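Observations on the model geometry
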Amino acid sequence: MPTPIKRLSCDRRRVFMLGLGALPFAMTPRARAAVGGLPGNTGHADLSPEWELLRGRLFGKQPITAGADRVQLIAPLRAAYGASVPVKIISKLAQTPDLHVKRIHLLVDKNPSPLAATLELTPEVGQADFETRLRVDEYSHVRVVSELSNGELHMDSRYVKTSGGCSAPPNRDSPELIGRTIFKLPGPPTMGAPTTADVTVIHPNDTGFELNNVTVMYIPSYFVRTIAVSYAGRKVFDADLDFSISENPTWRFNFVPHGPGELRAEVVDSKERHFTGSLKVA
Amino acid sequence: MKLLPRRRRLLACLCCAAFIPLLAGAQEGAGIPAAYAPLVIEPSGGPERAEFDLGPALARAQRENKRLYVYLGASDCPYCRRYENFLRKNAAELVPHFRPWLVVDLRSSLSTTAQRLFIRVGGKSRPYVDFQRSIGDERSRMLVYPSVWLFDPQLKPLMQMPAGTGTFETVDEQLEILQLVQ
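Residues numbered from 1 in each chain as written. Chains lettered and ligands numbered in written order. Predicted model: local features only at pLDDT ≥ 70, side-chain atom pairs only at ≥ 80, totals over all residues. Heavy atoms only, no water.

**Observations regarding the overall build of chain A**
When you go through chain A residue by residue, the secondary structure sums to four helices and 15 strands. Taking all 282 residues of chain A together, 51% fall into the buried category. Taking all contacts inside chain A whose residues are at least 6 apart in sequence as the whole, residues at least 24 apart take part in 68%. (Helix = DSSP H or I, 4+ residues; strand = E, 2+ residues; numbered from the N terminus. Buried < 20%, exposed > 50% of the residue type's maximum accessible area, 1.4 Å probe, protein only. Contact = heavy atoms within 4.5 Å.)

**Here's the deal with the overall build of chain B**
On a plain count of helices and strands, chain B comes out with six helices and seven strands. Within chain B, the fraction of its 182 residues that count as buried is 45%. Of all intrachain contacts in chain B linking residues separated by at least 6 positions in sequence, the fraction that spans at least 24 positions is 67%. Carbon and sulfur atoms make up 58% of the accessible area of chain B, which totals about 9700 Å². (Areas by Shrake-Rupley, 256 points an atom, 1.4 Å probe, with all protein chains shown as cover.)

**With respect to the sheet that holds strand β1 (residues 39–41) of chain B**
Residue and element names in this part refer to chain B. Taken together, four strands build an open sheet; the order of strands is β1-β4-β3-β7 and the sheet is mixed. Two strands bound the open sheet, and with one partner strand each, they are β1 and β7 (147–151). Between one strand axis and the next, the sheet turns by 20° as a mean value, whatever way the strands run. The sheet contact formed by β1 and strand β4 (residues 101–108) spans three bridges and is parallel. In the sheet register, V40 faces β4, and the bridge partner there is D105. (Pairing = 2+ DSSP bridges. Axes fitted to C-alpha atoms, helices over the stretch in contact; angles between N-to-C directions.)

**Describing the confidence of the model for chain A**
Looking at chain A as a whole, the pLDDT averages 84, with 82% of positions reaching at least 70. Segment residues 1–36 of chain A is flagged for pLDDT under 50; beyond a separation of four residues in sequence, or across chains, it makes 59 contacts in the model. (pLDDT = per-residue confidence, 0-100.)

**Describing the state of the cysteines**
All names here are of chain B. Enumeration according to the criterion identifies one disulfide over all chains in this entry. Covalently, C77 is tied to C80 through a disulfide, its sulfur atoms 2.5 Å apart. Of note, the bridge from C77 to C80 carries an S-S torsion of about 90° and is right-handed in sense. Given a relative accessible area of 3%, C77 falls into the buried group. With relative accessibility at 0%, the residue C80 sits in the buried group. (Disulfide = S-S within 2.5 Å.)

**Looking at the interface of chain A and chain B**
Each partner contributes to the interface: chain A provides 17 residues, whereas chain B provides 19 residues. A buried area of about 1400 Å², summed over both sides, lies between chain A and chain B, and 50% of it is on carbon and sulfur atoms. If you sort the residues of chain A by the area they bury against chain B, R78, A80 and Y81 of chain A come out on top, with a joint share of 48%. The tally of links from chain A across to chain B stands at five salt bridges. Residue K161 of chain A pairs with E173 of chain B through a salt bridge whose shortest N-O separation is 3.0 Å. Inspection of the chain A/chain B interface yields eleven residue pairs in polar contact (both at pLDDT 80 or more). (Buried area = accessible area lost by both parts, 1.4 Å probe. Salt bridge = Lys/Arg side-chain N within 4 Å of Asp/Glu carboxyl O. Polar contact = N/O pair within 3.5 Å; in protein donor to acceptor, adjacent residues only side chain to side chain.)

**Some words on the nonpolar core**
If you look at the biggest cluster of nonpolar residues, it comprises 49 residues, and the most contacted ones within it are Y36, L54, L68, Y69, F98, V104 and L106 of chain B. For this core, the leading source of residues is strand β3 (residues 67–74) of chain B, giving six residues. Those residues in contact with Y36 of chain B that sit more than four places away from it in its chain are L87, N90, A91, L94, V95, F98 and V103 of chain B. The next biggest cluster of nonpolar side chains, apart from the first, holds 48 residues, and it includes A116, W251, F253 and V267 of chain A. (Core = buried A, V, L, I, M, F, W, Y, C linked by side-chain atoms within 4.5 Å.)

**What about the confidence of the model for chain B?**
Interpreting fine coordinate detail is not advised for predicted regions of low pLDDT. Residue and element names in this part refer to chain B. Residues of chain B with pLDDT of at least 70 account for 84%, and the chain-wide mean is 86. The secondary-structure element of chain B with the lowest mean pLDDT is helix α1 (residues 3–29), recorded at 41, while helix α4 (residues 91–94) shows the highest, at 98. Between residues 1–27, whose pLDDT stays under 50, and residues either more than four places distant or in other chains, the model counts zero contacts. Across the whole predicted complex the pTM is 0.81, and at the interface the ipTM reaches 0.76.

**Notes on the pairing of strand β5 (residues 115–121) of chain A**
Residue and element names in this part refer to chain A. Within β5, six of the seven residues are buried, leaving the element largely enclosed by the surrounding structure. Counting the residues that bridge the hairpin from strand β4 (residues 101–108) to β5 gives six residues. Across five bridges, the pairing between β5 and strand β12 (residues 234–241) is antiparallel. Bridged to L119 within β12 is A239.

**A few points about the environment of L39 of chain B**
Residues and elements named next belong to chain B. Position of L39 among the secondary structure elements: in strand β1. Through-space distance from the C-alpha of L39 to that of R88 is 16 Å; in sequence the pair is 49 residues apart. Setting aside anything within four residues of it in sequence, one finds L39 in contact with P56, A57, R60, L102, V103, V104 and D105.

Below is the structure:
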């Protein structure tokens, strides 16, 4: 059975949210300086006041190497919808027991809850590349911080222009399907080598900032909190998530099948509902 | 009693006079400003099946070897007015950058939902969702007014565009779009 995901990070996330609530009043003039209505820090590699705060809280004074040498983030400058911004994380080192990506943090600086995901990885992923979709509430940097097993931190970032991501209406056509967890293999598995797989949880991932047009009440936040993925009983990765992940959270990842087995996902949402999904791989 | 028809005519004239400025304002306000020399396309088929024929625009773009800047606006959409007003206000600066483009102005209304909106290209008329899928546009899930598509003269999409125009309502950002910055 996969190790249960520590809930400490969720508590830390709440602290971030509370702390960041005061940010609009604390932002530096640089970030609000408007040339044609835009802030001054719109370069992909630029920092932001939100990031500076997050960095201290998440990583203390640990040095972080910026650039795409070890980890690269791919995201569009403008996505089709702010509620569904595709992002791809590419790790530029093989996942070996000696040196591997231990943890990946995905952040959206200006979202109400900026820490979108923390992934705890094992060498079983083979290649620490991931894809998912994010809600991006307003113009913001999206960042990935990759934590290696030797303690090094590497970061890459992209500036994404969008608006209204957190208020775009989710699909609630099939509430009875909430929690259904589906695996897909885009191609045939390769024994002993990284094999790509998708895991999707049908879930509204409500942010808590959306208005119900009928009741004129805010829809309470309700989102997938954790996904623990294992193969043949061995942990592949654990994901600690938030509503900054789009509706129907989906992750594309790799795993190394050493023989026939079962891909399994254990999912817990913010109402403490538990769901599972599995796929036999031969 | 005999005066009543005259009174009605008088009232009708007064009403018309009162509405003329509003209508004039609406005409001036709705759609891409004339400075951009838009090719205006009105829908055919009525409110239940509003079909926009891109054929003439495509033929002209090929003749003039221009890219297509296809704008879908709604007469009753405040976000459309905001973008059009932005274009109007900055026309002096922006129009020269639009020269390689044929601006196509599809004039719709908010009641024209995705199910009712059809795009015709050549002999094929497709509903909005099918059209979007056929060109690989990610915006098939939801129709948002206003919307912009960028095509080459063969109707090949040049760049995935966002829903709405809110991310390019500054001059610099509009130029980013025209320069296909991704």
